[in-house]
Amino acid sequence: MYRALTREIEVTVEPYYLEDQSDPEDGRYVWGYRIVIVNHSDQIVQLQSRHWKITDENGLVDEVRGSGVVGEQPVLGPGDTYEYSSGCPLDTPSGVMVGSYQMQSAVGELFDVEIPAFSLDMPGLARTLN
């Protein structure tokens, strides 16, 4: 589990490998990830957009920007939680994702909330740290 806290907005991520959607012999590796956003602040906020940087094990970076998440722009009041799941395919058996959400407060202020960096590693993959 990966966690970040920005301006009392907590984001946790739990990635998991999707073996049934992956085909390593064809260079296709797929992960799902579950994200939980909790508003610990005393303000109402709305998620406006997302920005992802997805890096495969070869260092190739793919940036993804878009409105909302999974077709929604959720509003979170104080103490509210929003949860969703999505996925990410890669051409390599490991990678890293990191990003941010742009939020808007009830008074119209826009601010970024960190999505913690998390690793996408095929189960059983031997890793070498340099």
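(A) Spatial organisation of the overall build of the protein. Secondary structure assignment for the protein yields zero helices and nine strands. Put simply, the protein runs from its N terminus to its C terminus through helices and strands in the order β-β-β-β-β-β-β-β-β. On the principal axes, the C-alpha backbone points of the protein span a range of 50 × 30 × 25 Å. Scored against the burial criterion, the 130 residues of the protein give a buried share of 42%. Accessible surface computed for the protein: about 7,300 Å², of which carbon and sulfur atoms make up 45%. Side-chain charges in the protein split into 8 positive and 21 negative, and the spacing between the mean points of these groups amounts to 5 Å.

(B) Fine view of the pairing of strand β3 (residues 29-39). With ten of eleven residues buried, β3 is to be regarded as a mostly interior element. Pairing geometry for strand β2 (residues 9-17) and β3, over nine bridges, is antiparallel. Bridge pairing in β3 links Ile-9 to Asn-39. As defined by bridge partners, β3 adjoins strand β7 (residues 81-90) across ten bridges and the pair is classed as antiparallel. Across the sheet, residue Val-30 finds its bridge partner in β7, namely Pro-89.

(C) Local environment of the layout of surface pockets. One number sums up the size of the largest pocket: a volume of about 150 Å³. For the lining of the largest pocket, the elements supplying multiple residues, two or more each, are β4 (45-56) and β7. Tallied by class, the residues present in the lining of the largest pocket amount to five nonpolar, two polar and four charged.

(D) Region of interest: unusual backbone geometry. The residue Arg-7 is not glycine, and still its phi comes out positive at about 50°. With respect to the secondary-structure elements, Arg-7 resides in the loop between β1 (2-6) and β2. In the Ramachandran plot, Glu-8 falls in the positive-phi region, its phi being about 70° despite a non-glycine side chain. Note that Glu-8 resides in the loop between β1 and β2. The exposure class of Glu-8 is partly exposed, given its relative accessible area of 46%.

(E) Examining the environment of Ser-41 more closely. Locating Ser-41 in the fold gives a position in the loop between β3 and β4. Residue classification places Ser-41 among the buried residues on the basis of a relative accessible area of 9%. Ser-41 sits 34 residues away from Arg-7 along the chain, and the two C-alpha atoms are 7.4 Å apart. Those residues in contact with Ser-41 that sit more than four places away from it in its chain are Arg-7, Glu-8, Ile-9, Pro-78 and Gly-79. Within polar-contact distance, the side chain of Ser-41 engages the side chain of Asn-39 at 2.6 Å.

Analysis parameters
- Residues numbered from 1 in each chain as written.
- Predicted model: local features only at pLDDT ≥ 70, side-chain atom pairs only at ≥ 80, totals over all residues.
- Heavy atoms only, no water.
- Helix = DSSP H or I, 4+ residues; strand = E, 2+ residues; numbered from the N terminus.
- Buried < 20%, exposed > 50% of the residue type's maximum accessible area, 1.4 Å probe, protein only.
- Areas by Shrake-Rupley, 256 points an atom, 1.4 Å probe, with all protein chains shown as cover.
- Lys, Arg positive; Asp, Glu negative; His and termini not counted.
- Charge placed at Lys NZ, Arg CZ, Asp CG, Glu CD.
- Pairing = 2+ DSSP bridges.
- 1 Å grid on protein atoms, 1.4 Å probe; cavity = no way out; pocket = protein on both sides within 12 Å on 5 of 7 lines; lining within 4 Å.
- Points joined across faces, edges and corners; volume = space filled by probe spheres on them.
- Nonpolar A, V, L, I, M, F, W, Y, C, P; charged D, E, K, R; others polar.
- Contact = heavy atoms within 4.5 Å.
- Polar contact = N/O pair within 3.5 Å; in protein donor to acceptor, adjacent residues only side chain to side chain.

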